[in-house]
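Below, each chain spelled out in residue letters.
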Amino acid sequence: MTAPLSLERVRADVAEVLAEEPGSFADEDNLLDLGLDSIRLMSLATRWREAGYEAGYLDLAQDPTVKAWWTLLAKEGAK
């Protein structure tokens with residue numbers, strides 16, 4: 001995906017790796033409970049790192065929700 005990183009893109013990226021629609025889960029849902037595994041989490045971390053955001057696997061794994069991830073990514077900003 002080439003869109004700038006935004007809350008909507010984070011939702012869309014998560015939905016893509018879960019093979020779900022972006023509106024099928026809440027921003028506060030634990031993504032591990034929805035089927036997110038370590039491989040998919042690493043692919044998201046890599047995707048966002050390639051977009052210039054440095055949040056790593058461990059940062060994302062600490063609180064696996066769209067809300068927490070967007071807070072982390074927005075605070076950090078692109079490098």
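Everything below is about the structure shown above.
Residues numbered from 1 in each chain as written. Predicted model: local features only at pLDDT ≥ 70, side-chain atom pairs only at ≥ 80, totals over all residues. Heavy atoms only, no water.

Turning our eyes to something else, we now look at the pattern of salt bridges. Counted according to the given criterion, the structure contains six salt bridges. Among the salt bridges present, the one from Asp27 reaches Arg11, with a minimum N-O distance of 2.7 Å. On the criterion of sequence distance, the pair formed by Asp27 in the loop between helix H1 (7-18) and helix H2 (38-50) and Arg11 in helix H1 is long-range, its members being 16 residues apart. A residue is classified by how much of its surface remains accessible, and Arg11, at 23% relative accessible area, is partly exposed. A salt bridge links Asp37 to Arg40; the shortest N-O distance between them is 3.1 Å. Judged by relative accessible area, which is 33%, Arg40 ranks as partly exposed. (Salt bridge = Lys/Arg side-chain N within 4 Å of Asp/Glu carboxyl O. Helix = DSSP H or I, 4+ residues; strand = E, 2+ residues; numbered from the N terminus. Buried < 20%, exposed > 50% of the residue type's maximum accessible area, 1.4 Å probe, protein only.)

Moving on, we get to unusual backbone geometry. Not every positive phi belongs to a glycine, and Ala19 is a case in point at roughly 55°. By the element assignment, Ala19 lies in the loop between H1 and H2.

What follows covers the side chain of Arg47. Checked against the element boundaries, Arg47 lands in helix H2. Sequence-distant contacts of Arg47, defined by excluding residues within four places in its chain, comprise Arg9, Asp13, Glu16 and Val17. (Contact = heavy atoms within 4.5 Å.)

Moving on, we come to the packing of H1 against helix H4 (residues 66-76). Running from N to C, H1 and H4 point in directions that differ by 130°, and their axes come no closer than 10 Å. With respect to their mutual orientation, H1 and H4 come out oblique. Classified by chirality, the crossing of H4 by H1 is right-handed. When H1 is examined against H4, the residues Leu7, Val10, Arg11 and Val14 are found in contact with a partner set consisting of Val66, Trp69, Trp70 and Leu73. When the residues that make up the contact of H1 with H4 are grouped by side-chain class, the tally is seven nonpolar, no polar and one charged. (Axes fitted to C-alpha atoms, helices over the stretch in contact; angles between N-to-C directions. Parallel < 35°, antiparallel > 145°, perpendicular 65-115°, else oblique. Left-handed = near helix turned anticlockwise from the far one by under 90°. Nonpolar A, V, L, I, M, F, W, Y, C, P; charged D, E, K, R; others polar.)

Here the focus is the nonpolar core. Across soluble globular proteins, you tend to see nonpolar side chains buried next to one another. Membership of the largest hydrophobic core comes to 19 residues, with the highest contact counts inside it found for Val14, Leu31, Leu36, Trp48 and Trp69. Counting residues per element, the ones that place at least two in this core are H1, H2 and H4. Considering every element that reaches this core, the biggest residue donor is H1, with five residues. Not counting residues up to four positions away in its chain, the partners in contact with Val14 are Phe25, Leu31, Leu44, Trp48, Val66 and Trp69. (Core = buried A, V, L, I, M, F, W, Y, C linked by side-chain atoms within 4.5 Å.)

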